[in-house]
Amino acid sequence: MDSHLEDLFSFLRFPSISTASEHASDVRACAEWLQQKLTNMGLNTELHPTSGHPVVVARNAHRADRKTVLIYGHYDVQPVDPIELWDTDPFEPVLKDERIWARGATDNKGQMMAHVLGVEKTLKEQGELPVNLIFLFEGEEEIGSPNLVPFLEQHREELACDIIAVSDTGMVARGVPTMGYGLRGITCCEVTVRGPKGDLHSGVYGGAVANPATAVARLVASLHDADGRIAIDGFYDDVKPLEQWERDMWAQVPGVSDADIADQTGVCEVFGEPGYSSAERLWARPTAEVNGIGSGYQGEGSKTVLPAEAMAKFSFRLVPNQDPQDIAKKVEAHLNKHAPQGVCVEVEAGHDGKPYYADPNSPFGQAAQGALQQAFGATPVLIREGGSIPIIKDMQDVLGSDTLLLGLALPDCQIHAPNENFWVENFESGIQMNQILLQELAKV
Ligand code: BES
Ligand code: MN
């Protein structure tokens, strides 16, 4: 275990923040370290430059009589701010209270390294793997994988595989192995509301000129009805209805009751679309979220100003069979239709990604459930995920292969937040799970 932790710590020390251009050389150094690690394990490796951050591919010697398994992960991480809320340096990993604390510890370096080290261990123990393996690691997942879809298209043949495995999702509770068979999609946009040509004295002009901050608040409020249903025309048209077997199954999943969700998040009560449990709202229903809103004076005391502008950033989590571009159009139409009088509303589209769904009980799905059962010594639960990994649906479309989502993140891992951490027990189980998984997939 010591050498496993050493490898993970070295990987975590790179501040591979993909969104920050000043960290571009750190992202590259991280990719080079990863390539070296995979080369040292005896794999054939390639580092592909892109117009953004590099893609690292590694493979063993493939044989025609074996199954081909692609394992995807990402070595880029989210920014660390607010830095003052971290108890330790985000890029100097520490082991404390049975967990590894660092940015990327769970999302995704720790989960990804569990696969790498599982493969290393099998190669050391057996001299070879039971399958043809392709590792595909990118440095742009946290910014929407802009260069990976073209990469998939260009390398369709080399990346062809029978099944894909990814550990970049969650476990519902400690000791409860969790297999995901769905992910929400996403579409983002930003709205700018413009009023007067510059800030105005709110006494001299207030009452005769519309206030952009009021207008943006009205737009934000227009997205939902009072019960929490999304009020955009046609928004739910293509939503695949929840099936009874899923509702029954999810009602038995531990760690996701309304009380659990309230406890994990610290809210006084849960809230959402009527007629659905929290798990159903998270895994099978779409959302409209405000991620940021701004206008006017934010400093100490008061300032009597009528602000010239206001803005809000939105993201919409989507479920099968919603199409991100179709939803983006409906959102834009809604915002224009609800534009309050006296202001100009401008909508700018952002990045998007499609929702994903696959049969959890396919032969490969059953093999993965068996591997989880053996590695964790408990029966796995089957869930969909609230989060998004847009490339998973793209891989289904371009490569024609489904993905097994074998998450190792716990609800208290604080991904994207200060004090991100990864349970050592999940790192160890993840390494073992990889070893058993490849054996089980080989038998399908
Ligand atoms: N690993 C997460 C996604 C995730 C987390 C799925 C937990 C399920 C459970 C991934 O790195 C992520 O953060 N994705 C972004 C995608 C976006 C930037 C397109 C997300 O979901 O916000
Ligand atoms: Mn993430």
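Definitions and limits used
- Residues numbered from 1 in each chain as written.
- Chains lettered and ligands numbered in written order.
- Predicted model: local features only at pLDDT ≥ 70, side-chain atom pairs only at ≥ 80, totals over all residues.
- Heavy atoms only, no water.
- Buried < 20%, exposed > 50% of the residue type's maximum accessible area, 1.4 Å probe, protein only.
- Helix = DSSP H or I, 4+ residues; strand = E, 2+ residues; numbered from the N terminus.
- Arc of directions from axis to C-beta.
- Contact = heavy atoms within 4.5 Å.
- Polar contact = N/O pair within 3.5 Å; in protein donor to acceptor, adjacent residues only side chain to side chain.
- 1 Å grid on protein atoms, 1.4 Å probe; cavity = no way out; pocket = protein on both sides within 12 Å on 5 of 7 lines; lining within 4 Å.
- Points joined across faces, edges and corners; volume = space filled by probe spheres on them.
- Nonpolar A, V, L, I, M, F, W, Y, C, P; charged D, E, K, R; others polar.
- Domains from an automatic or database assignment.
- Buried area = accessible area lost by both parts, 1.4 Å probe.
- Salt bridge = Lys/Arg side-chain N within 4 Å of Asp/Glu carboxyl O.

Notes on helix H5 (residues 212-222)
Owing to its 3.6 residues per turn, the α-helix aligns residues three or four sequence positions apart on the same side. Of all the positions in H5, only Pro212, Ala215, Val216, Leu219, Val220 and Ser222 are classed as buried. Each buried residue of H5 sits inside an arc of 165° when the element is viewed along its axis, so together they form one side. Projecting away from the buried face of H5 at angles above 90 degrees are the exposed residues Arg218 and Ala221. Buried residues along H5 sit in contact with strand E9 (185-194), strand E11 (289-295), strand E12 (305-306), strand E13 (309-318), helix H9 (324-337) and strand E14 (344-353). Here H5 starts with a cap whose side-chain oxygen sits 2.8 Å from the backbone nitrogen of Ala213, and that cap is Asn211.

Quick look at empty space enclosed by the protein
To find leftover empty space, one rolls a probe the size of a water molecule over the atoms. Under the definition given, this model contains one cavity of 30 Å³ or more. Reported here for the largest cavity is a volume of approximately 70 Å³. Ala358, Asp359, Pro360, Thr403 and Leu404 are, among the 14 residues lining the largest cavity, the residues nearest its centre. Where the lining of the largest cavity is concerned, the elements lending two or more residues are strand E8 (178-183) and strand E17 (403-406). Residues that form the lining of the largest cavity fall into these classes: eight nonpolar, four polar and two charged.

Quick look at the domain arrangement of the protein
Accessible area lost during the coming together of the parts is what is often quoted as the interface size. Domains assigned within the protein are domain 1 (2-183 + 355-443) and domain 2 (185-239 + 286-353). Once you take the C-alpha centre of each, domain 1 and domain 2 turn out to be 36 Å apart. A buried area of about 630 Å², summed over both sides, lies between domain 1 and domain 2, and 63% of it is on carbon and sulfur atoms. Per-residue buried area on domain 1 facing domain 2 is highest for Pro355, Ser388 and Pro390; these three make up 64% of the total on that side. Where domain 1 touches domain 2, the interface holds zero salt bridges.

Brief notes about the pattern of salt bridges
Per the stated rule, a full pass over the model turns up 25 salt bridges. Across the salt bridge formed by Glu92 and Arg13, the nearest N and O atoms sit 3.2 Å from each other. A residue pair is termed long-range when its members are at least 10 positions apart, and Glu92 in the loop between strand E3 (68-74) and strand E4 (94-96) and Arg13 in the loop between helix H1 (2-12) and helix H2 (24-40) qualify at 79 residues. On the basis of relative accessibility, which here comes to 38%, the residue Arg13 falls in the partly exposed class. A salt bridge links Glu309 to Arg194, with the nearest nitrogen and oxygen atoms 3.1 Å apart. Of this pair, Glu309 sits in strand E13 while Arg194 sits in strand E9, and the two are 115 residues apart along the sequence.

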